[in-house]
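# Coordinates in review
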Amino acid sequence: MTFIDMFAGMGTVRMGFERAGHECVSAIEFDPHKRKIYEVIFGHEPEFGDITAVRGTDLPSADCWCFGAPCQDFSVAGKRAGLDGDRSVLVKQVFRLLEEKASEDRPEWLLYENVKGMLSSNRGWDFAEIQIAMGQLGYDVQWQLLNSKDFGVPQNRERVYTLGHLRTRSERKGF
């Protein structure tokens, strides 16, 4: 499977996907420090920086888009600005990119990861808005709250994984 790593950070999603045998065809990361770390690990910086400057037609074809827009606005440790915040609202840029792609060029899969606080942000309406946007773009959506400690990682880190499957490609699939 090919994938694009959006909000790539230093490439941890890429590492996991590549260890599972998948191929990264492009990455997007804005933060200059994370871009440099990414370069040390992978031999080059992510192909794109500011997601707001990317056009859907700039992106190569891929089977899956992986993204975890900045979480600070969703986090219970933050100010809880949700989708009204400057950071978490960037998830809408992914939806804009999908709209700019021809239907037949959209990825079959969307994998969105974020903090548990996303579920309660704006009394749950922010997460509902994200799911509705995916649905309007043609994706069947499922989500699950997972904790890293349940997968052999020495930390207690709960994350929401939202999986979208393009309904025009085949029957409903998911977790």
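For the structure, see preceding data.
Residues numbered from 1 in each chain as written. Predicted model: local features only at pLDDT ≥ 70, side-chain atom pairs only at ≥ 80, totals over all residues. Heavy atoms only, no water.

## A short note on the overall build of the protein
- Looking only at helices and strands, one finds four helices and six strands in the protein.
- Ordered by position from N to C terminus, the α and β elements of the protein give β-α-β-α-β-α-β-α-β-β.
- Its C-alpha atoms give the protein a radius of gyration of 16 Å, near enough to 16 Å, the size a compact globule of 175 residues would have.
- With the C-alpha coordinates of the protein rotated into their principal frame, the extents come out at 40 × 35 × 35 Å.
- Burial statistics for the protein: of 175 residues in total, 45% are counted as buried.
- Here the analysis covers contacts within the protein between residues at least 6 apart in sequence; of these, 61% occur between residues at least 24 apart.
- A total accessible area of about 9,300 Å² is found for the protein, and carbon and sulfur atoms account for 50% of it.
- Computing the positive centroid from 22 side-chain charges and the negative centroid from 26, the protein places the two 5 Å apart. (Helix = DSSP H or I, 4+ residues; strand = E, 2+ residues; numbered from the N terminus. Rg over C-alpha atoms; globule rule 2.2 N^0.38 Å. Buried < 20%, exposed > 50% of the residue type's maximum accessible area, 1.4 Å probe, protein only. Contact = heavy atoms within 4.5 Å. Areas by Shrake-Rupley, 256 points an atom, 1.4 Å probe, with all protein chains shown as cover. Lys, Arg positive; Asp, Glu negative; His and termini not counted. Charge placed at Lys NZ, Arg CZ, Asp CG, Glu CD.)

## Some remarks on the sheet that holds strand β5 (residues 139-147)
- Pairing is mixed across the open sheet formed by six strands, whose spatial order is β2-β1-β3-β4-β6-β5. Pairing within the sheet leaves two strands with one partner each, and these edge strands are β2 (23-28) and β5. Neighbouring strand axes in the sheet, compared pairwise and without regard to direction, differ in orientation by 20 degrees on average.
- Sheet topology places β5 next to strand β6 (residues 158-166); nine bridges connect them, and they run antiparallel. Bridge assignment links D140 to a residue of β6, and that residue is H165.
- Of the strands in this sheet, β1 (2-6), β3 (64-67), β4 (109-115) and β5 touch helix α3 (residues 91-100), which is tilted by about 165 degrees from β3. (Pairing = 2+ DSSP bridges. Axes fitted to C-alpha atoms, helices over the stretch in contact; angles between N-to-C directions.)

## Brief notes about the nonpolar core
- Judged by nonpolar contacts, the single largest core of 32 residues is most densely connected at M6, L59, W65, F67 and F95.
- Elements that contribute at least two residues to this core include exactly β1, β3, α3, β4, α4 (125-136), β5 and β6.
- Of all the elements, α3 adds the most residues to this core, at five residues.
- Residues within four places of M6 in sequence aside, it is in contact with I28, L59, W65, C66, F67, G68, V94 and L97. (Core = buried A, V, L, I, M, F, W, Y, C linked by side-chain atoms within 4.5 Å.)

## Side note on the layout of surface pockets
- Here the largest pocket is characterised by a volume of approximately 1,600 Å³.
- Those elements that place two or more of their residues in the lining of the largest pocket are β1, α1 (12-19), β3, β4, β5 and β6.
- Tallying contributions element by element places β4 first for the lining of the largest pocket, with five residues.
- Of the residues belonging to the lining of the largest pocket, the class tally is 26 nonpolar, 11 polar and nine charged. (1 Å grid on protein atoms, 1.4 Å probe; cavity = no way out; pocket = protein on both sides within 12 Å on 5 of 7 lines; lining within 4 Å. Points joined across faces, edges and corners; volume = space filled by probe spheres on them. Nonpolar A, V, L, I, M, F, W, Y, C, P; charged D, E, K, R; others polar.)

## As for the pattern of salt bridges
- As enumerated under the stated definition, the model contains 10 salt bridges in all.
- We note a salt bridge from R159 to E113, for which the minimum N-O separation is 3.1 Å. Placement of R159 in strand β6 and of E113 in strand β4 is noted, with a sequence separation of 46 residues between them.
- Shared partners join several salt bridges into a network, and the residues in it are R35, K36, E39 and E45. (Salt bridge = Lys/Arg side-chain N within 4 Å of Asp/Glu carboxyl O.)

## Brief notes about the pairing of β6
- Extensive coverage of β6 is indicated by the burial of seven of its nine residues.
- Bridge count between β4 and β6: seven bridges; the pairing is antiparallel. Along β6, the bridge assignment pairs Y112 with T162.

## Some words on the packing of aromatic side chains
- With the rule as written, the count across this model stands at five aromatic pairs.
- Where Y38 meets F42, the ring centres are 4.6 Å apart and the plane angle is 45 degrees; that geometry is what we call tilted. Of the two residues, Y38 and F42 both sit in helix α2 (residues 32-42), four residues apart, roughly one turn of that helix.
- A relative accessible area of 0% means that Y38 is categorised as buried.
- Residue classification places F42 among the buried positions, given a relative accessible area of 18%.
- Judged by centre distance (5.5 Å) and plane angle (85 degrees), the rings of F127 and W143 are edge-to-face. One end of the pair, F127, is in helix α4; the other, W143, is in strand β5, with 16 residues separating them in the sequence.
- In this structure W143 comes out as partly exposed when scored by relative accessible area, which is 40%.
- Every member of this aromatic cluster is reached through a ring pair, and the members are F67, F95 and Y112.
- A cation sits over an aromatic face here: R14 above F42, 4.1 Å from the ring centre. (Phe/Tyr/Trp six-rings, centres within 6.5 Å; stacked < 30°, edge-to-face > 60°. Lys NZ or Arg CZ within 6 Å of the ring centre and 35° of its normal.)

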